Amino acid sequence: MATLFTKIINREIPADIVYEDDHVLAFRDIQPVAPVHILIVPKTEIAGVATLPESGDHQYLLNVAKLLAEREGLSNGYRLVINQGEEGGQSVPHLHLHLIGGRKMTWPPG
Ligand code: 5GP
């Protein structure tokens, strides 16, 4: 069964796509928690950090986050989040990086 995010990658479900290349799709979160809330998703179906393969250039997600943060004008900072598993608050079992910005973040997160 394709994940929700694979369906978005395959254009079976619409999304507000802001970036795409051979490895990654990035689109705006449907329930944004800040003025900028983008999900950066590898096109390969990896369930999450816990099942990340030993090899593979997953730092690439961070490179895309940096690029999109610059494009979105987040020069005062932003937050990158990966939720893992039930206690981590992960709801979609397809690895994704949240890029959140445009307001002052608080710590600790809820
Ligand atoms: P997680 O909770 O797994 O870390 O993050 C999943 C994110 O996907 C949530 O922030 C949620 O709002 C977002 N999301 C869930 N369904 C959809 C959808 O159909 N379209 C988009 N653009 N985002 C979604």
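Above: the structure in question.
Calculation rules
- Residues numbered from 1 in each chain as written.
- Predicted model: local features only at pLDDT ≥ 70, side-chain atom pairs only at ≥ 80, totals over all residues.
- Heavy atoms only, no water.
- Helix = DSSP H or I, 4+ residues; strand = E, 2+ residues; numbered from the N terminus.
- Rg over C-alpha atoms; globule rule 2.2 N^0.38 Å.
- Buried < 20%, exposed > 50% of the residue type's maximum accessible area, 1.4 Å probe, protein only.
- Contact = heavy atoms within 4.5 Å.
- Areas by Shrake-Rupley, 256 points an atom, 1.4 Å probe, with all protein chains shown as cover.
- Lys, Arg positive; Asp, Glu negative; His and termini not counted.
- Charge placed at Lys NZ, Arg CZ, Asp CG, Glu CD.
- Patch = residues over 30% accessible without salt bridge, like charges linked within 9 Å, V, L, I, M, F, W, Y side chains within 5 Å.
- Salt bridge = Lys/Arg side-chain N within 4 Å of Asp/Glu carboxyl O.

K.L.:
Is there a simple way to explain the overall build of the chain in this structure?
P.N.:
Within the chain one finds three helices and five strands. Starting at the N terminus and walking to the C terminus, you meet the elements of the chain as α-β-β-β-α-β-α-β. In terms of C-alpha radius of gyration, the chain reaches 14 Å, essentially the compact-globule figure of 13 Å for 110 residues. In terms of principal-axis extent, the alpha carbons of the chain reach across some 40 × 30 × 25 Å. Residues counted as buried form 36% of the 110 residues belonging to the chain. Long-range pairs, those at least 24 residues apart, make up 55% of the contacts in the chain with a sequence separation of at least 6. For the chain, the exposed area adds up to about 6900 Å²; of that, 52% sits on carbon and sulfur atoms. Counting 9 positive and 13 negative side-chain charges, the chain places the averaged centre of each group 8 Å from the other.

K.L.:
What should I look at first to understand a nonpolar patch on the surface in this one?
P.N.:
Together, Val49, Leu52 and Ile82 give the surface a local cluster of nonpolar side chains, amounting to about 210 Å² of exposed area. The class for Ile82 is partly exposed, based on a relative accessible area of 37%.

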